Each structure stands twice: as structure tokens, then as C-alpha cells.
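Each chain is listed here by its residues.
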Amino acid sequence: MNSTLELISDYYHVGGSLKPNAPSYVMRQADQELYDALMAGQFCYVLNSRQMGKSSLRVQTMDRLRHSGVSCAAIDITRIGSEHLTPENWYGGIVSLLWQGFNLLSKVNQKKWLQEHEELSLVQLLDRFIEEVLLVYVPEKRIVIFVDEIDSIISLNFSINDFFALIRACYNQRVDKPDYERLTFCLLGVATPSDLIRDKARTPFNIGKAIALDGFKFEEAQALEKGLVGKVSHPQEVLREILYWTGGQPFLTHKLCKLMSEGLTVENPLSVEQVVRSKIIENWESQDQPEHLKTIRDRLLTNKHLTQQMLGLYQSILRHKEIDADHSYEQMELRLSGLVVKHNGKLKVFNPIYKRVFNQKWLNQELEKLRPYAEALSAWVESQYQDDSRLLRGQAFEEGWSWLVDKGLDRQNKFSIDEHRFLIASRVLDKRGTLAEADRQTINTAEELLAKVSNPMPVIRKVLRITKSEPVLAQKLFRLILNEQFPICQGEDEADWVERMVRERIIDNWESQDQPEHLRKIRDELVQNKDAENLLQLYRQVLQSGKVVADDNPKQLILLRLGFVVNYQGKLEVGNHIYETIFNQSWVDNELGKLKFQKQWQRLKLIILSGILIAVSLGIYTGIDLLSSASRCPLQEVLLNTCIATFAKVKNVPEGTFFYGGSTTFAPLRSQDIIDAINKAHPSFHLQYVHPAKKKPGSRTGIEMLLNDELSFAQSSDTLKPYELQAAIKKGFELEQKAVAIDGIAIYVNLSLPIRGLTLEQVQQIFTGEITNWQQVGGPNLKITVFSRNPKAGGTVDFFQDTVLLGRDFGSFKEVNNTTESLQRVADTAGGIGYATASEVVNQKTVPVKLLPLAKSADKPYVAPFSGTNIEKVNQLAFIDSSYPMTRKLYVIIKKDGGVNEEAGTAYANLLLSVEGQKLVEQAGFAPIRPLTSK
């Protein structure tokens, strides 16, 4: 009885090779494939992870081959050793093992033969041994040399390329020396074919047949059932369950079978899962005897150069359950660890035991140990995210980002979120040098994407790379994404999506899409600077050379302040890809050409003025101070005559009756005085305002009427929308917008409300419903009542929603039809607030409301929409220099169809853009688009 139990307990073999007659040996498909290939004279290699049964396969195959008359010998590289060896020791060991393995000691004197050939190189010695001894003294028989544990060769401190090159040479010798057809090699170990000959200048090891060594299949593993008989009730089902947990991995399968057969009885059973959990998974490091799981772990973590890539691949497999298999070196190394297996073209975790042991928690712990910025991240988090000195720059940032990019975001893990925030902040700092308030807003906006975008980091990286973290542009793109205003197309990757967004929403027709106004502002500041010519030449130098040494001279400082260039690691480079595209070489040349013309024109004017002064002094010329008269009597006879004279100089004014309409903001520019001046200057140019028949008047309505051929041109208080531009193209023409005036949006409240002013953020929060009580902005405990026109009503509402509310929807509001009704409702409601174009409300005296000064942020000055103490005049200077937070331009929308309507729209815009036309704009309550030299 005891002998039977002892026999059963020894039935399973955990670790090491099984003997040829071992009853528990499992014959797999690989056994037959290897035997057949070697019998056919094929060179073979079995390259797989540890403890997959390679050595047992060799032992069994050698036994079968010998029974078939084949002469075999095995070189176990571990028997030779790998430490403190010289090449002479190593090659001498190979020859000795072959001499013994093929029983040649009695046939040839080894010592004497080696002395006779001591002048040969080591590889030549082995080559000569094969040809002069092995093939001669093992005649006629087929010869197979097994080289086992070849991965031990890789750790040698000298090259072994020649050894594998010799094996390949033996194969090639078959063409010239038929006796070599009897000789075959079989290589076994934990390696890849590329490991065998690492010298890239030599022909790779590209011969032989690869033998795939898979895990045990149920139908193959029936030999294992015997050891379970008498120990479990249903050996077949238990065996099937064992193979489920191990995936057929030979070492684990034998170990689990042994555990199930020891200490269990039919009367006192334990399930396979219970044994797996208690004997293998729980406290696995202390129970891993003989070592198996530690072997896998060490294979993953020992090579620091590859660990990061392998763990990154493994994380993708855990997250997606499987990934596409390829022949990359990283995937091959991961497979050689034994942790994953290739199946049907996919890589997946080998078995449930591995998945439970090497789980996400284990992976996170190991990844954290590898994190190149662990100390800096920890210090930054401890500083409440305020210590910018801990953020990464330059190469450190690039290495950190490369490390993180494939790890993925765990939204349930605060550490993972902090880590991503750290890299985002580092990216912004790396390009901006220091973090201003606007840069921190960029970071905050980017962080919002972490919660809303499925794969946020590639999107954030692309936006920050294209904009080089410029706040206005980066935040605009982030808002487009967050508000789902620019959806990704099917099949489009994140990088292409961002590039398309930049092209369509910023670069194309950039002057009409520049909301909030940024590109035009920095352009105007540059070209209107008194040193514009030198600034443009410096900017051109940066464009052409790519980088200019930064020395903080005054011109460089101006370009840096405007953002046209940035200082990156002591070099000036173009601010970002968007600037480089819009403000390109052609643009610079054009602006320099304009400045040259202006200089010539100034010289000409001086000459003319000198001539006039001479003529006056001689009594030849007298003139009238028309401007003074006009200022004394704005739209009376003198100004009207002056306007008529100026308007008459505008060329290419067509004849006929032309219909126009659109924005209600333009109402002051439709006064009869202005129409009369135009008619007198061009009697055949008749303008007729058209009120929409079914819709309320407004910018959008006017543009729609223009598209439907109901108008010759339109007036708009907002820029053209992409869908309007596309609609025009479909109809066979284009739309052009010409700015003719600057306007502001005024915020007004009930006269009794004790509110001195609001920040732009507070305005946004009030109109989106985030702030609902005046107490929240320093006022009384009083409900806020918002009044607004319908969001689809026109340009003013569009502009307010797009620019002031940043595309967000209005909160709760009471709808009004026009500005007059809005003013009246606010005046009648204690907590009322409304908005309208400044020109309509600043100089109105009918309805008593309070116009509020606004600030761009809490640390910026409050600016009123009216001029100083004169509440009847708009603050033109603040509108022109954009110090007032809510300004916009008014446009004439021209139908570019090459016909008379295009001429009419262009002529009307040119009339308003003339010197006296701009004075009329000013008198109508707007700021001129062109600065006036005298008042």
C-alpha cells in the first residue's frame, strides 16, 4: 500500500527534465513535428520561455531517434558554464562534450588530436573536428547534435557569433559535401533567432525550422489523469479544471496535479480553485518552490532597458485582454518571459494564474518603481500643485512623456490623475518658461479633457505642440473639444483630428474666425508699432533661420511679449505652428511692402504740405476748416457737404437700386442723413433697406437673405459662420466680410442695484446660470433675472454666446424681442440684467438703467462702456485698444459673385471706410476701424 502511494506521489515531476520512460510525460504535437523534421535532416530550433518542457522534449526525442538508428549527442551549455570563461575554455568544452557524447574517446586520442591542431583558431578547430572526426568516426549514420540552454551563451563576455555562423556553414556545406547531409543540429533555449547572431554586418541565423511548443491540450494530457485516480471523485473533470487554471503550462500543470494528489482524499476533497488560491496565488513569492513565478518576474524586470516596454505591452494586454501579435523585439521578449502566449495572431495572458498573480495592482507597483520622475511628482503633489520648480523641462520632460504615453489613464485612481496633470503642466512650462495666470488656465482647461475624452493625452499633446501652449489658441481648441463643437470623423486618429480642427477653425479664413480676437490683435500691435519695420525684419530672420540666439534686446522683447517668438533653451523660435502658417514669409514681405509705401507717401505729403504753405504765404491758396465746422455741427450742412465730397471720390460705385439689411446694430448707420449723403455723391446708387418678411431682423437673418438672393449685401455684427461660407460655395459664389466699425457689448442692470462692476468670468457665470443671486458677486440677497433675445436671433446674441460665454448655453432667461424691450424689462425688475450693443444703450435717455464697468479678470482694472464721466458717449479708446473686455467688429457682408451685387457691397463698405465715412461711424456711436488723426 505504502509503495503504491509513494509511486503516485512521484508520478508528477515538478522541475527538471523527465526521463525517457516517465509515465507522466505528455506527448504534444511538437514531439512529432521535431522528430519528423530531424529524421528528414532539417535543422531545427525550439525557442520558448523557461519551464515549457524543452529539455524533456529533447530527452524524449533523442531516445526516439536512437531507437530509429540515429546517433545523437547533447551539448548542455550550462555544463560548460558562463562565468570567468575564456573562449578557449568554452570551445574546448564544446569539443569535449561532443567527444564524449558520440563515444569517440576509444576511437581517437583527444589530447593528441588537439595538440596536432593547436595552431587553428577556435572556430576552425570545431569545424575540423566535425569534418575529420565526427563525420569520419560516426560513419553512415544520421547525426543529430542538440544544443540545449543556448540562452546561457548570450551572457558570455565574448562574442559567440562565430559559433552559430559555423552551424549555418554546416548546413550550407551540404551543397558541396554530401556527407554533411547526415549532420543536423537542434537548438533549444530561451532566446530569439536574432539573439543567435547579433552582428548586424553578418548574415542572420536564418536557417532551420521553428518548432512551436504550446501548452498541454486536454486530449494530449490524458497521461496525467493516472496520478489523480483515488484522490479525487472525477479525475477527468479535475484534469480539465487544472488545464483551465494553468493554460496547459507544463511546469504549473505538473505542480497543480501534484498538489491535488497530495494530502487529499475522495472523502475530504478541495476544489482546484481552492488549491490554486491557497497553494499558488496567495503569498506566491514564499510558496514559489521550485521557482517558477519568480522566474517570470525576474525575466520581466532584470533588463532595465526593456522592462518599461514589456510592462507597457503587458498593460495593454491586461486592458484590452489581447493585442495584435507582431515580430517586434519587445513582443518576442515578453513572450520569452512566459507571461503571455501567441494564439490566433493575438497576444494574451498565458493563463488565469498568471493573470491573478501579475495583476494590475502588481503592474502599477512595478511601473511606479520605474517612473523616471517619481521624486519630482511626489514633491509637486505635496506642494498642492504649486511648486513649478518640480515640473519637468527639456529632455527630462520628453523622457517622462514617452514613459507615460502608453500607460493609460485610470480615472478612478487619484495618483494616475495627478501624474497626468503633472505632465500637462510640465509641457506648458517647458514651452512657456514660466507659468502666468493664462498658462494656468490652459492647464486647467486641458485637465478637463482628462474626464471627458476617451484617450485624452494624445489630443492634449497635439494641441499643446501645435500651439506651443499659447494660452488663447490652446484654450480655444480645448473648448472646441470639450463643447463637442468639432466632432472626430470615423476612422480619424487624434493627431489628424486636431490638425483638421486647427486648419478649419483657426487658420482657414482666420480673420473671420478669430474669436476671441487674438491673431488680429497681435498683428495690429506689431504692424502699428513705431519700430514695425525692424521688428518684421527680426521676425523674418527667425522664420528663415529657424532659431536666433536670444539676447533680450528691445526688439526681441517686443516680439516675445506679443508671442510672435518664444525663447526656448536660449534660442528664439516662431511662437507656434499656427503663427508660422498665418504670419509666414509672404505675409512679412507684404507688410514690409506696405510700410515702404507709407514712408514714400509721408514724404509726398510733406512735399505737398510745403507747397500749400508756400502758396498760402503768397496769398495764392485759401481753405476752409471743414473739420472744425464739422465738429461744431456734426451732421449739418458743412459735414454733409464734406461727406458728399469725400464719398464722391470713392470709385467703382455701380448704378441701380440695391437692397440691404441684417444686423439691428447697424441701425444708426442707416440714418437718413447718411443715405442722403451717399445719394448726393452717387445719384445713380440707390440703397433700400429690406425688413425680413417672416423672421426677426438680425445678422444671421440678413446673411440668410443674402444667400437666398433677397439682398445685394448684408450688415452683420458677427463674423461669418463656417456653415454660411459653405452654403455660399454650394450656390457658386463666396462671401467676404469687411470690417467697417468697432462696437462693444454693454451689460446693464436695474438702476437701484448696488453693483459697481463685474468680471468677465462673473458675466459668464450669471448668463450660464452658475451664479443665480446677486449676493454671490457682492450685491444684496436678491435673485438674478436674466433677459436676452432668442439665441437664434442674430449677431449680437451669437457673439455674446460664442465669445463671452465661450460657446456654452444660456442658463434660465426671460426672452425679449429687441433692445428697447430688454432695457424696459431690466428697469422694471429689481434683480434684472441684460446686454446689448453699446451704441444702442450708452446714449439713450429714455429708460433709466445702470451700465456696468467690466474687468477681464479680478486683478485687472474695471473699464466702463462709456467715456469717462460722459455716459452719453461710448468709450471709443477702450473699444479700439480692446481694454474693454467685450468688443467686436461690424461687417459688411459682400457676395463675391463677380457681378453688380459684389460691386454694390464693396462700394458701400468703401464709403464707410473713407475718412468722412469713419467720422460718420464715430458720430453713430461706434469706434472707427481706422484711427482718425483729428477730431
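About the cut-offs
Residues numbered from 1 in each chain as written. Predicted model: local features only at pLDDT ≥ 70, side-chain atom pairs only at ≥ 80, totals over all residues. Heavy atoms only, no water. Pairing = 2+ DSSP bridges. Helix = DSSP H or I, 4+ residues; strand = E, 2+ residues; numbered from the N terminus. Contact = heavy atoms within 4.5 Å. Axes fitted to C-alpha atoms, helices over the stretch in contact; angles between N-to-C directions. Right-handed = clockwise from strand over helix to strand, strands pointing away. Patch = residues over 30% accessible without salt bridge, like charges linked within 9 Å, V, L, I, M, F, W, Y side chains within 5 Å. Areas by Shrake-Rupley, 256 points an atom, 1.4 Å probe, with all protein chains shown as cover. Salt bridge = Lys/Arg side-chain N within 4 Å of Asp/Glu carboxyl O. Buried < 20%, exposed > 50% of the residue type's maximum accessible area, 1.4 Å probe, protein only. Expected span 1.5 Å × (residues − 1). pLDDT = per-residue confidence, 0-100. Phe/Tyr/Trp six-rings, centres within 6.5 Å; stacked < 30°, edge-to-face > 60°. Lys NZ or Arg CZ within 6 Å of the ring centre and 35° of its normal.

Asker: Just to check I follow, could you spell out the sheet that holds strand β9 (residues 548-549) for this structure?
Answerer: Hydrogen bonding along the main chain pairs the strands of a sheet, whether they run parallel or antiparallel. With respect to topology, three strands assemble into an open sheet ordered β9-β11-β10, the strand pairing being antiparallel. The open sheet has two free edges, formed respectively by β9 and β10 (565-568), since each of these has just one partner strand. Two strands pair when backbone bridges link them, and β10 and strand β11 (residues 571-574) are joined in this way by four bridges, in the antiparallel orientation. Opposite V565, over in β11, you have V574 as the bridge partner. The strands touched by helix α30 (residues 554-562) are β9, β10 and β11; relative to β10, the strand with the most contacts, the crossing angle is about 105°.

Asker: Got a minute to help me understand the pairing of strand β12 (residues 656-662) in this structure?
Answerer: In summary, the side chains of a regular strand alternate between the two faces of the sheet. Examined bridge by bridge, β12 and strand β13 (residues 685-689) share five bridges and lie parallel to one another. Paired with G656 across the strands is F685, a residue of β13. Crossover β12 to β13 through helix α35 (residues 672-681) is right-handed. Sheet analysis places β12 next to strand β14 (residues 713-716), joined by three bridges and oriented parallel. Its bridge partner lying in β14, G661 is registered against A714.

Asker: It is not clear to me how the sheet that holds strand β1 (residues 44-47) should be interpreted in this structure. Could you clarify?
Answerer: Strand order in the open sheet made by the five strands is β2-β3-β4-β1-β5, with parallel pairing throughout. This sheet does not close on itself; its edge strands, each paired only once, are β2 (71-76) and β5 (209-210). The strands touched by helix α7 (residues 122-137) are β3 (143-148) and β4 (183-189); relative to β4, the strand with the most contacts, the crossing angle is about 105°.

Asker: What am I meant to see in a nonpolar patch on the surface here?
Answerer: Together, F597, W601, L604 and I607 make up a nonpolar patch on the protein surface, roughly 440 Å² of accessible area in all. Tracing the backbone through its elements, the reader meets L604 in helix α32 (residues 585-617). With a relative accessible area of 39%, L604 lands in the partly exposed category.

Asker: I tried to follow helix α5 (residues 87-101) on my own but got confused; where do I start?
Answerer: Side chains that are three or four residues apart share a direction in an α-helix, a result of its 3.6 residues per turn. When the terminal C-alpha atoms of α5 are compared, their 21 Å separation across 15 residues agrees well with the 21 Å that a helix rising 1.5 Å per residue should span. Those residues of α5 that sit buried are W90, Y91, G93, I94, V95, L97, L98 and W99. Just past α5, the residue N103 takes up positive phi, approximately 55°.

Asker: What exactly am I supposed to notice about the confidence of the model for the chain here?
Answerer: Do not read the predicted coordinates in detail wherever pLDDT is low. Model confidence for the chain is summarised by a mean pLDDT of 85, while 91% of its residues fall at 70 or above. For the chain, per-element mean pLDDT is lowest for helix α33 (residues 626-632), which scores 31, and highest for helix α2 (residues 29-39), which scores 96. Throughout residues 1-8 the model reports pLDDT below 50, and contacts reaching past four residues in sequence, or to other chains, amount to two contacts. The model gives residues 621-636 a pLDDT under 50, and that stretch makes 17 contacts with residues more than four places away or in other chains.

Asker: Please explain the packing of aromatic side chains as it appears in this structure.
Answerer: The description of an aromatic ring pair uses the distance of the two centres, along with the angle that the planes make with each other. The full count for this structure, using the stated rule, is 35 aromatic pairs. Of the aromatic side chains, those joined through ring pairs into one cluster are W510, Y539, F564, Y579, F583 and W587. Taking the ring centre of F799 as reference, the NZ or CZ of R888 above it sits at 5.8 Å. Just above the ring of F733 sits the side chain of K895; from NZ or CZ to the centre is 4.8 Å.

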